[in-house]
Amino acid sequence: MHKPESFPIDKIYVPVKRRKALKPEVVQEIAASILEIGQQAPILVRPDEDRFVLVEGLHRLEACKALGERAIIGLLVSAEVAHPKTLSPQSAKAEAERQNMERLRKLRLEREAAESVAARAASKTETAVRQREHPEKTIRNNLKTSSQLGRGTSGSTPRTLSEWVKQQERGGGRY
């Protein structure tokens, strides 16, 4: 959040469109209020080269001018805050549709991930149940894989390609 700062009134430019909305009776009421309790709400300005452009607070600015003040309390905002992008009804609808599709895509990905986790858990559970029901098959399968791993690797690890080929020929392996 920005901190209120003091801005010189003569450095604040008021756009012509904003000036058209000026109501002298509101300026008088605000000036009376500022005299009694001081400025309560800061104006909003944005930087523009060597000056500031009024974004909000025309009546407060004019009330301070009328009271002879040389500075006013305000907040410095960026141009993006000062002029938010206005969307046409079609582009607003398209943006809403895009956001909706993005939300649906995220939901679909989350659902697929949850299903994948559930399937893996079910597979692990199925394997555990099978091992409990038929432990002899599990032992036999484990022996097969360990003997297959050991086949063709009699002796020490070969250091060269020719040693490896000879080792494969002796073990009956194919290369």
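These numbers were taken from a predicted model, which means no experiment stands behind them.

### Observations concerning the environment of Ser6
If you trace the backbone, Ser6 turns up in strand E1 (residues 5–8). Separated by 36 residues in sequence, Ser6 and Pro42 place their C-alpha atoms 9.4 Å apart. When residues no more than four places from it in sequence are discounted, the contact partners of Ser6 are Ala71 and Ile72.

### Focus: the confidence of the model for the chain
The predicted model of the chain has a mean per-residue pLDDT of 80, with 79% of residues at 70 or higher. Across the chain, the element-wise mean pLDDT spans from 55 in helix H6 (residues 135–150) up to 94 in strand E2 (residues 12–13).

### Some thoughts on unusual backbone geometry
Phi angles above zero are rare outside glycine, and Glu49 is one such case at about 55 degrees. Looking at Glu49, the relative accessible area reads 80%, which means it is exposed.

### Quick notes on the packing of helix H2 (residues 24–37) against helix H3 (residues 58–66)
One can describe the packing of H2 onto H3 by two numbers: an axis separation of 8 Å at closest approach and a directional angle of 65 degrees. Compared by their axis directions, H2 and H3 come out roughly perpendicular. Handedness of the H2/H3 crossing: right-handed. Residues Val26, Val27, Ile30, Ala31 and Ile34 of H2 lie in contact with H3, whose contacting residues are His59, Arg60, Glu62, Ala63 and Cys64. Residue composition of the contact of H2 with H3, grouped by class: seven nonpolar, one polar and two charged.

### A short note on the nonpolar core
Counting residues in each nonpolar core, the largest one holds 16 residues, and the members touching the most others are Ile12, Ile43, Val45, Leu54, Leu61 and Ile72. Examining the composition of this core, we find that four residues originate from one element, H3, more than from any other. In contact with Leu54, not counting residues within four places along its chain, are Ile12, Tyr13, Val14, Pro15, Arg18, Ile43, Leu44, Val45 and Leu61.

### Topic: the sheet that holds strand E5 (residues 71–76)
With respect to topology, five strands assemble into an open sheet ordered E1-E5-E3-E4-E2, the strand pairing being mixed. Every other strand in the sheet has two partners, leaving E1 and E2 as the edge strands with one partner each. One ladder, built from three bridges, connects strand E3 (residues 43–48) with E5; its direction is parallel. If you follow Leu44 over to E5, its bridge partner there is Leu75. The strands touched by H3 within the sheet are E2, E3, strand E4 (51–56) and E5, with E4 carrying the most contacts at an inclination of about 125 degrees.

### Regarding the packing of aromatic side chains
For any two aromatic rings, the description comes down to two numbers: the centre-to-centre distance and the angle of the planes. Overall, the coordinates contain one aromatic pair when judged by the stated rule. Aromatic pair Phe7 and Phe52: ring centres 4.9 Å apart, planes at 70 degrees, arrangement edge-to-face. In this pair, Phe7 is assigned in strand E1 and Phe52 in strand E4, connecting sequence segments 45 residues apart. The burial state of Phe7 is the same as that of Phe52; both residues are buried. For the cation-ring pair, Arg51 lies above Tyr13, with the distance from its terminal atom to the ring centre recorded as 4.2 Å.

Reading the values: the criteria
- Residues numbered from 1 in each chain as written.
- Predicted model: local features only at pLDDT ≥ 70, side-chain atom pairs only at ≥ 80, totals over all residues.
- Heavy atoms only, no water.
- Helix = DSSP H or I, 4+ residues; strand = E, 2+ residues; numbered from the N terminus.
- Contact = heavy atoms within 4.5 Å.
- pLDDT = per-residue confidence, 0-100.
- Buried < 20%, exposed > 50% of the residue type's maximum accessible area, 1.4 Å probe, protein only.
- Axes fitted to C-alpha atoms, helices over the stretch in contact; angles between N-to-C directions.
- Parallel < 35°, antiparallel > 145°, perpendicular 65-115°, else oblique.
- Left-handed = near helix turned anticlockwise from the far one by under 90°.
- Nonpolar A, V, L, I, M, F, W, Y, C, P; charged D, E, K, R; others polar.
- Core = buried A, V, L, I, M, F, W, Y, C linked by side-chain atoms within 4.5 Å.
- Pairing = 2+ DSSP bridges.
- Phe/Tyr/Trp six-rings, centres within 6.5 Å; stacked < 30°, edge-to-face > 60°.
- Lys NZ or Arg CZ within 6 Å of the ring centre and 35° of its normal.

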